[in-house]
Amino acid sequence: MRNNEDAERFDGEASNTSMISGANSPYQPTTEPVHSRNVFRGIRCDLEYLKSHFGILKVIEVVLALISFICIETIMMCSPCAGVYLFEFVSCSASVVTGVLLLIFSLNLHIKVPHVNWSLTDLINTATSTLFFFLASVVLAALNHISGAEIAALIFGFLVMGVYGLNTYLAVRRWRLGDSRDGPLQTSEYIRARTASRGEVESRPELQ
């Protein structure tokens, strides 16, 4: 009889011990929903950038470069064709690269990659586009200036070259003055995002 009482007492103590250890265990079942990380949390349309000088210039550059490309694509016959091919390549490349940069800046995607000097990247793009549009327009004017499509492509080519030149001047001035919109701003945003992410992990010890 005493053995039965001791066995029951031992079972009760073991059950209490398991309940206590289970309560202290960090691996507790929970009904709290696990929220998935929102990858597009920091993506938003930056209307302030689109209203700024650089945003307006970028929109004009993309539109004029695209119109230049469309004009040069309407040429059915050319002789010689070197100037047409060069202008076609420059206008297409400039519209694509500038369009991508416009999308990155207007959606604040550059904040996601703070290690890239986006001001210098923009400066290099505008400077090279100015140079190549000048060369392509001069070559096209020297070799092909007969049809209406060629003349229209020349007009838009020199126009977009002037816009790129103005953008280059403003970008150089901003770079020299150190008034970089992308540098300290995107670094602080990156640090703030990292701090918030660490706070999330620390508030949930079961994930550690």
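Remember, it's a predicted structure, so these values are computed and weren't measured experimentally.

Novice: Summarise the overall build of the protein chain; cite the residues concerned and give the values.
Specialist: Along its length, the protein chain carries 7 helices and 0 strands. Helices (α) and strands (β) of the protein chain occur, in sequence order from the N terminus, as α-α-α-α-α-α-α. Across the 208 residues in the protein chain, those meeting the buried criterion constitute 29%. Considering only residue pairs separated by 6 or more positions, the protein chain has 78% of its internal contacts joining residues 24 or more positions apart.

Novice: Describe the UniProt feature "transmembrane region" (unreviewed entry) in the protein chain, naming the residues involved and giving the relevant values.
Specialist: The feature "transmembrane region" (unreviewed entry), as annotated in UniProt, sits at residues 59-87, 93-111, 123-145 and 151-172 in this numbering. Along residues 59-87 the backbone is 72% helical and 0% strand, and the end-to-end C-alpha distance reaches 20 Å. Measuring from the first to the last C-alpha atom of residues 93-111 gives 25 Å, for a span that is 74% helix and 0% strand.

Novice: Tell me about the packing of helix 3 (residues 53-73) against helix 5 (residues 118-143), and name the residues and values.
Specialist: Between helix 3 and helix 5, whose axes approach to 13 Å, the crossing angle comes to 30°. Classified by the interaxial angle, the pair formed by helix 3 and helix 5 is roughly parallel. Relative to helix 5, helix 3 is oriented so that their crossing is left-handed. Within the contact between the two elements, helix 3 uses F54, K58, A65 and I72 and helix 5 uses D122, T126, F133 and L140. Tallied by class, residues from the contact of helix 3 with helix 5 come to 5 nonpolar, 1 polar and 2 charged.

Novice: Can you lay out the packing of helix 4 (residues 82-106) against helix 5 for me, pointing to particular residues and giving the numbers?
Specialist: One can describe the packing of helix 4 onto helix 5 by two numbers: an axis separation of 9 Å at closest approach and a directional angle of 160°. With respect to their mutual orientation, helix 4 and helix 5 come out roughly antiparallel. Crossing geometry of helix 4 relative to helix 5 is assigned as left-handed. Taken together, the residues of helix 5 that come into contact with helix 4 (itself represented by G83, V84, L86, F87, V90, S91, A94, V97, T98, L101, I104 and F105) are W118, T121, D122, N125, S129, F132, F133, A136, S137, V139, L140 and L143.

Novice: Any details on the packing of aromatic side chains? Residues and values, ideally.
Specialist: Evaluated as defined, the whole model comprises 4 aromatic pairs. Pairwise contacts between aromatic rings join Y49, F105 and W118 into one cluster.

What counts, and where the lines are drawn
- Residues numbered from 1 in each chain as written.
- Predicted model: local features only at pLDDT ≥ 70, side-chain atom pairs only at ≥ 80, totals over all residues.
- Heavy atoms only, no water.
- Helix = DSSP H or I, 4+ residues; strand = E, 2+ residues; numbered from the N terminus.
- Buried < 20%, exposed > 50% of the residue type's maximum accessible area, 1.4 Å probe, protein only.
- Contact = heavy atoms within 4.5 Å.
- UniProt positions renumbered as here; feature names shortened; annotations may be inferred.
- Axes fitted to C-alpha atoms, helices over the stretch in contact; angles between N-to-C directions.
- Parallel < 35°, antiparallel > 145°, perpendicular 65-115°, else oblique.
- Left-handed = near helix turned anticlockwise from the far one by under 90°.
- Nonpolar A, V, L, I, M, F, W, Y, C, P; charged D, E, K, R; others polar.
- Phe/Tyr/Trp six-rings, centres within 6.5 Å; stacked < 30°, edge-to-face > 60°.

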